[in-house]
Amino acid sequence: MATKDVIVLADLLGTNKKIAADIRGELERRGILAVNLLSSPGAGKTTLLEQIAVRLRETSRMAVIEGDIETERDAERIRAKGVPAWQITTGGACHLEAKMIAKVLPQVPPDVEYLFIENVGNLVCPASYELGESLRIVLLSTPEGDDKPKKYPKAFTTSDVLVLSKADLLPYLPFDIERAKAEALELNPRLRIFIVSAVTGQGVDELIAFLSEKRRELQAPHA
Amino acid sequence: MHELSIVAGLFETLLEQARTHGARKVTTVTLRVGKLSGVVPELLESAFDMYKKGTIAGEAKLWVVDIPLRIRCRACGTESDIQSWVFLCGACTSPDLEILQGTDMVLERIELETDDPPAG
């Protein structure tokens with residue numbers, strides 16, 4: 001009997017990263033801006049997408065991939081706004097993985113300009129899995145509290161945009177918006193922050209303008 | 001709790017390596033886990049102990065090495081570790097940082113027993 005010490009040095013998320021890189025390459029080549037939305041359950045991801053849908057559908061082609069543990073409910077809500085949507089049910093898994101997105105991609109029409117991927121509601125696990133997105137948005141809703149960014153650092157450091165959602169509730173909550181912004185910016189000084197209410201529509205147009213700017217950058221990446 | 005799916009991926013690599021090297025038994029597994037890897041080392045250990053049962057790594061010991069979040073400042077070039085989740089250069093407070101390590105989970109090494117005669 002002999003013992004052997006084998007140096008492996010394998011990234012445990014290497015397979016997911018590789019699939020995600022392939023997806024990103026394909027979508028960017030097709031001029032599709034893919035957006036991965038992360039938040040805890042109930043922060044308002046689907047409601048925000050409904051609000052984006054009613055504004056964006058007049059001028060642009062968008063599609064949505066919905067991730068949930070069970071049910072087709074979120075995809076049905078998006079379809080009701082006249083936007084194509086596909087539901088991925090993970091059957092228990094707490095996050096989407098790139099290979100799940102790769103399976104749905106062939107169904108996405110070629111003329112789509114924006115592809116939103118709504119992750120499973122969870123501020124922890126989805127942060128570790130790239131899905132091939134060009135832009136990652138994390139939502140923090142005001143009822144959750146202004147102390148959340150540093151409790152869930154990975155979600156905030158890996159995101160490009162922070163949406164502070166349910167801003168219409170601010171008068172009723174002890175949520176300090178400046179504290180939430182300052183804490184998030186300590187974690188990620190590059191974070192773009194939007195204060196949004198899907199009820200009053202506050203901030204939704206600004207967010208859409210930002211997304212369309214990002215999409216234009218995709219189309220002329222090496223200018 | 002995505003540690004189980006990470007451990008499932010780990011075992012694919014582990015069993016493949018064990019086969020390649022003609023192992024009879026995997027005795028130790030060493031992982032490098034970054035501070036910003038998004039996993040909890042304790043949960044990783046529980047998932048590992050659950051998963052290893054009945055495999056060639058059934059008696060394997062898992063070592064988890066914590067890797068700090070190390071950055072290099074693009075403004076002044078200083079390298080430092082991020083403390084208290086404030087992403088600013090420790091020397092000049094610039095936010096223009098490059099992350100050098102601490103975001104990944106890496107299977108670093110495994111120790112195996114083989115049927116080969118002892119070397120030397």
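Structure shown above.
This text gives an overview of the structure that appears in the document. As the structure is a computational prediction, the values presented were derived from the model and not from experiment.

### Regarding the overall build of chain A
In step 1: The number of helices and strands found in chain A is eight helices and eight strands.
In step 2: For 223 residues, the compact-globule estimate of 2.2 N^0.38 gives 17 Å, and the C-alpha radius of gyration of chain A, at 18 Å, lies within 12% of that figure.
In step 3: Here the C-alpha coordinates of chain A stretch approximately 70 × 45 × 40 Å along the principal axes.
In step 4: For chain A, buried positions account for 46% of its 223 residues.
In step 5: Contacts in chain A between residues at least 24 apart in sequence constitute 74% of all its contacts with a sequence separation of at least 6.

### Overview of the interface of chain B and chain A
In step 1: Taken together, the contact between chain B and chain A spans 31 residues of the former and 29 residues of the latter.
In step 2: Contributing elements (two or more residues each) for the side of chain B that touches chain A: helix H1 (3-20) and strand S6 (105-114) of chain B.
In step 3: The element best represented in the side of chain B that touches chain A is S6 of chain B, accounting for 10 residues.
In step 4: Residues belonging to the side of chain B that touches chain A are distributed by class as follows: 16 nonpolar, eight polar and seven charged.
In step 5: Here strand S1 (residues 2-11) of chain A runs beside S6 of chain B; their pairing, made up of eight bridges, is antiparallel.

### Observations concerning the packing of H1 of chain B against helix H2 (residues 41-52) of chain B
Residue and element names in this part refer to chain B.
In step 1: With their axes 9 Å apart at the nearest point, H1 and H2 run at an angle of 55° to one another. Taken together, the axis directions place H1 and H2 in an arrangement best described as oblique. The two elements H1 and H2 meet at a crossing, and its hand is right-handed. Contacts from Glu 3, Leu 4, Ile 6, Val 7, Ala 8 and Phe 11 of H1 reach H2 at Leu 43, Leu 44, Ala 47, Phe 48 and Tyr 51.

### Brief notes about unusual backbone geometry
In step 1: Although it is not a glycine, Lys 166 of chain A sits at a positive phi angle of roughly 60°.
In step 2: Exposure remark for Lys 166 of chain A: the 24 C-beta atoms within 10 Å place this residue in the buried category.
In step 3: Notably, Ser 84 of chain B is not glycine yet its phi reads approximately 50°, a positive angle.

### Topic: helix H1 (residues 14-29) of chain A
Counting along an α-helix, one turn takes 3.6 residues, and residues three or four places apart therefore face a common direction.
All names here are of chain A.
In step 1: Between its first and last C-alpha, H1 extends 22 Å over 16 residues, near the 22 Å set by a 1.5 Å rise per residue.
In step 2: Of all the residues in H1, the buried ones are Asn 16, Ala 20, Ile 23 and Leu 27. Buried residues of H1 fall within an arc of 65° about the axis and therefore sit on the same side. For H1, exposure combined with an orientation more than 90 degrees from the buried face picks out Gly 25 and Arg 29.
In step 3: Trailing H1 by a residue or two, Gly 31 shows a phi angle of about 75°, which is positive.

The rules behind these values
Residues numbered from 1 in each chain as written. Chains lettered and ligands numbered in written order. Predicted model: local features only at pLDDT ≥ 70, side-chain atom pairs only at ≥ 80, totals over all residues. Helix = DSSP H or I, 4+ residues; strand = E, 2+ residues; numbered from the N terminus. Rg over C-alpha atoms; globule rule 2.2 N^0.38 Å. Buried ≥ 20, exposed ≤ 12 C-beta atoms within 10 Å, placed from the backbone. Contact = placed C-beta atoms within 7 Å. Nonpolar A, V, L, I, M, F, W, Y, C, P; charged D, E, K, R; others polar. Pairing = 2+ DSSP bridges. Axes fitted to C-alpha atoms, helices over the stretch in contact; angles between N-to-C directions. Parallel < 35°, antiparallel > 145°, perpendicular 65-115°, else oblique. Left-handed = near helix turned anticlockwise from the far one by under 90°. Expected span 1.5 Å × (residues − 1). Arc of directions from axis to C-beta.

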